[in-house]
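Architecture at a glance
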Amino acid sequence: MRRGKKISFPYILMITFLTIASFIMIIPYLWMVLSSLKGNLEIISSTSILPHKVTFEGYKTVFQDAPFVRWLFNSLFTATLITVATVFSSALSGYIFAKFRFAGKQMIFLVVIATMMIPPQILMIPTYLIIYKLGLIDNLSAVILPSLVSAFGVFLARQAIEELPYDLIESARIDGAGEFFIFNRIILPLVRPMLSALAIFTFMAAWNNYVWPLIVLNDEEKMTLPLALVFFNGSHVTNYNIVMSASVLIMIPVFIVFLIFQKQFVKGLALTGFK
Amino acid sequence: MEVKQEIVKPVSYRSQYKKSKRNNRELKFIILSLTPILLLFVVFMVIPIIWGIILSFYQYDPLADHSPFIALKNYTELWKDPVFLASLKATLIFVFVAVPANILITLPIASMINRVRNRFVRNTFRTLFFLPAIAPLSAASLIWSTMLRSGNDGLFNMILAFFGHANVGWLTDGKMAMISVIIVTLWADVAYNIIIFMAGLDAIPKVFYEAAELDGANGFQKFRHITLPLLQRTSLFILIMTVISYFQMFAQFQIMTKGGPGGATNVLSLSIYKTAFGYSRMGYASAMATVLLLIILLISLIQLRVGRSQWEY
């Protein structure tokens, strides 16, 4: 920090600009919270941003009229399972691609990496047909199964593990450690920062995923939150305080995850450019 | 030197001795761990890509008894299909407006946040700009839909009314709908590029700026002659990644406008979804998806080509 630098006029101007711009960025959140506290009647009649009389009607309706807890469970269940599986499968295959030699390794790795470039729109239809043939439509495993592995995760893990010294593995082997033991006790702890970044991205992506659940889930009880939210909106078009209340509730877990892991998140993003 | 060799030799001898046993063990480990992972890749990545392209040569409808092979007919039909052509146009308009707008917003904001001297204030700004990105896009689309309502009860029209302006049909007017969706997309998406730009700016050695200051360069000159040229790699990366991801945007279109009014916002990904799952024309939708795939592969190839010729600093 340079203390000698004076606070100049352009600097104040810049801070002012950033303050206004960041306020504009959070307006939709303010709007969401304020609308969720308005009553049904007020929404239609009022032209004011602030609620006249604060009411929790919307929140009450969400829990009473909708299987909100069920949706929350569906989302938590799928996102957690996807995250754990993706981190594990990425680390394991990343380790193998980084530290082992076997026939066809480069070819297999290249094919895995090449799938990163494929837009989901081309995968959507055949994957739907595969899920349909497996009889998994309207089943949460339809959401989970295609997301257990990630080409990006494999790529990221291989990059990180490649940097670890080979002696580490070699000396563990000489001491008689098994391959799974080496992976579990030596490799995994050393790449924890990379894995936690991958875990956060994967969790957020799974939690926020909309397109794929939209295609494979129809039953209201089976829906995940983002999908349920939009579905729910269709039946409550006029009183959007209910939809806004549901939006507030769906946002809270993501906020918590983000605020706890913000550092890893930003670092991971800066390193990888992954969305 | 001699001492070193003496130490190394017994170790390599020992590993030589154990090699056959070890190779066996390693092979078992590789096969045991990699098989299930690769199987998932094959079933949910490799097969769908190939199947998707093959489907585009069929008149495939999951509800029909018979799905004939029609070779390139889906593709020839595409170029005569006004709905497809309109959706291609809508996609291109969206990408060519939203991507430059994104970069014009994110680069200045990133460089401004980077220049904030107090670390706490800098982190606070970064967090505030990041908050929109963590909202599920579906929730963000719903929130914005209510802000963009065409009656008196939408935030945007409330603000217009405050200035004495008449209501605007943000999502119902053909011209405004695309602009509205672009605004929402930018709100939800600028954070990523701000973070990546900030990392790129951090990587520029400070000595360049100090030297320029000694030469009496002002803020703009420093930006123009140091920041911009040294940020080329980052910018190119951001440009390509943003273009690719904007070609595939879906949720905000499906939720906010459903492609309307009059197909003005019926972008490719939405059109593919509707054709496949709304009208069950999966072969035809696969042809549309293949066109999208080709566009994205072309952009990726350009990136690889340009990226290789870039120099490092």
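Report on the accompanying structure. Predicted model only: the values in this text are computed from it and were never measured.

1. Things to note about the overall build of chain A
A tally of regular secondary structure across chain A gives 14 helices and zero strands. Ordering the α and β elements of chain A from the N terminus gives α-α-α-α-α-α-α-α-α-α-α-α-α-α. Computed over C-alpha atoms, the radius of gyration of chain A comes to 24 Å, more than 25% over the 19 Å expected from 2.2 N^0.38 for 275 residues, which places it beyond the range of a compact globule. When the 275 residues of chain A are sorted by exposure, 54% land in the buried category. Expressed as a percentage of contacts within chain A between residues at least 6 apart in sequence, the contacts between residues at least 24 apart total 72%. Taking the 20 positively charged and 13 negatively charged side chains of chain A as two groups, their mean positions are separated by 13 Å.

2. Details of empty space enclosed by the protein
Residues and elements named next belong to chain A. Under the counting rule described, the total for this entry stands at two cavities of 30 Å³ or more. The volume enclosed by the largest cavity comes to roughly 70 Å³. Taken together, Ser75, Thr78, Ala79, Ile82, Val143, Ala206, Trp207, Asn209, Pro213, Thr224 and Pro226 make up the lining of the largest cavity. Among the elements of the structure, α4 (68-99) and α11 (192-208) are those that each provide at least two residues to the lining of the largest cavity. Residue contributions to the lining of the largest cavity peak at four residues, all from α4. Grouping the constituent residues of the lining of the largest cavity by class yields seven nonpolar, four polar and no charged.

3. Focus on the interface of chain A and chain B
Tallying the contact residues gives 96 residues for chain A and 91 residues for chain B. Taking both partners together, chain A and chain B bury about 8,500 Å²; carbon and sulfur atoms supply 79% of that area. Here chain A and chain B share two salt bridges between them. Linking A:Glu179 and B:Arg25 is a salt bridge whose minimum nitrogen-to-oxygen distance equals 3.6 Å. Where chain A meets chain B, there are nine residue pairs in polar contact (both at pLDDT 80 or more). The residue inventory of the side of chain A that touches chain B, partitioned by class, reads 71 nonpolar, 17 polar and eight charged.

4. What about the pattern of salt bridges?
Taken as a whole, this structure holds eight salt bridges over all chains when the rule is applied. Two residues, A:Glu162 and A:Arg158, come together in a salt bridge whose shortest N-O distance is 3.8 Å. You can see A:Glu162 and its partner A:Arg158 sitting in helix α8 (residues 151-162), four residues apart, about one turn around the helix. Here the residues in one salt-bridge network are A:Glu170, A:Arg173, A:Glu179, B:Arg25 and B:Glu26, joined through shared partners.

5. What about the nonpolar core?
One finds A:Tyr95, A:Val216, B:Phe94, B:Phe129 and B:Phe130 to be the most contacted residues of the largest nonpolar core, which totals 198 residues. If one sorts the elements of this core by residue count, helix α7 (residues 174-202) of chain B sits on top with 16 residues. Those residues in contact with A:Val216 that sit more than four places away from it in its chain are A:Tyr128, A:Ile131, A:Ile137, A:Asp138, A:Ala142 and A:Val143.

6. Focus: the packing of α4(A) against α11(A)
All names here are of chain A. Between α4 and α11, the shortest axis-to-axis distance is 8 Å and the interhelical angle comes to 145°. Every pair of crossing elements has a handedness; the one defined by α4 and α11 is right-handed. Between α4 and α11, the residues in contact are Leu72, Ser75, Leu76, Ala79, Thr80, Ile82, Thr83, Thr86, Val87, Ser90 and Ala91 and Leu195, Leu198, Ala199, Thr202, Phe203, Ala206 and Trp207, respectively. Each residue belonging to the contact of α4 with α11 can be placed in one class, and the counts come to 12 nonpolar, six polar and no charged.

7. Quick word on unusual backbone geometry
Of note in the backbone geometry, A:Asp138 takes a positive phi value of approximately 70° without being a glycine. You can see A:Asp138 is positioned in the loop between α6 (120-133) and α7 (140-144). Of note in the backbone geometry, B:Ser280 takes a positive phi value of approximately 60° without being a glycine. Relative to the helices and strands, B:Ser280 resides in the loop between α12 (268-278) and α13 (282-309).

8. Structural notes on the packing of helix α9 (residues 166-174) of chain A against helix α10 (residues 179-190) of chain A
Residue and element names in this part refer to chain A. Here α9 crosses α10 at 145°, and the two axes come no closer than 10 Å. Here α9 runs over α10; the crossing is right-handed. Seen from α9, the contacting residues are Leu168, Ile169, Ala172 and Arg173; seen from α10, they are Glu179, Ile182, Ile186, Ile187 and Leu190.

9. Notes on the side chain of A:Thr224
Residues and elements named next belong to chain A. Its location among the elements puts Thr224 in the loop between α12 (211-216) and α13 (225-235). Looking at Thr224, the relative accessible area reads 4%, which means it is buried. Those residues in contact with Thr224 that sit more than four places away from it in its chain are Trp71, Asn74, Ser75, Thr78, Pro213 and Leu217.

Thresholds, definitions, all that
Residues numbered from 1 in each chain as written. Chains lettered and ligands numbered in written order. Predicted model: local features only at pLDDT ≥ 70, side-chain atom pairs only at ≥ 80, totals over all residues. Heavy atoms only, no water. Helix = DSSP H or I, 4+ residues; strand = E, 2+ residues; numbered from the N terminus. Rg over C-alpha atoms; globule rule 2.2 N^0.38 Å. Buried < 20%, exposed > 50% of the residue type's maximum accessible area, 1.4 Å probe, protein only. Contact = heavy atoms within 4.5 Å. Lys, Arg positive; Asp, Glu negative; His and termini not counted. Charge placed at Lys NZ, Arg CZ, Asp CG, Glu CD. 1 Å grid on protein atoms, 1.4 Å probe; cavity = no way out; pocket = protein on both sides within 12 Å on 5 of 7 lines; lining within 4 Å. Points joined across faces, edges and corners; volume = space filled by probe spheres on them. Nonpolar A, V, L, I, M, F, W, Y, C, P; charged D, E, K, R; others polar. Buried area = accessible area lost by both parts, 1.4 Å probe. Salt bridge = Lys/Arg side-chain N within 4 Å of Asp/Glu carboxyl O. Polar contact = N/O pair within 3.5 Å; in protein donor to acceptor, adjacent residues only side chain to side chain. Core = buried A, V, L, I, M, F, W, Y, C linked by side-chain atoms within 4.5 Å. Axes fitted to C-alpha atoms, helices over the stretch in contact; angles between N-to-C directions. Left-handed = near helix turned anticlockwise from the far one by under 90°.

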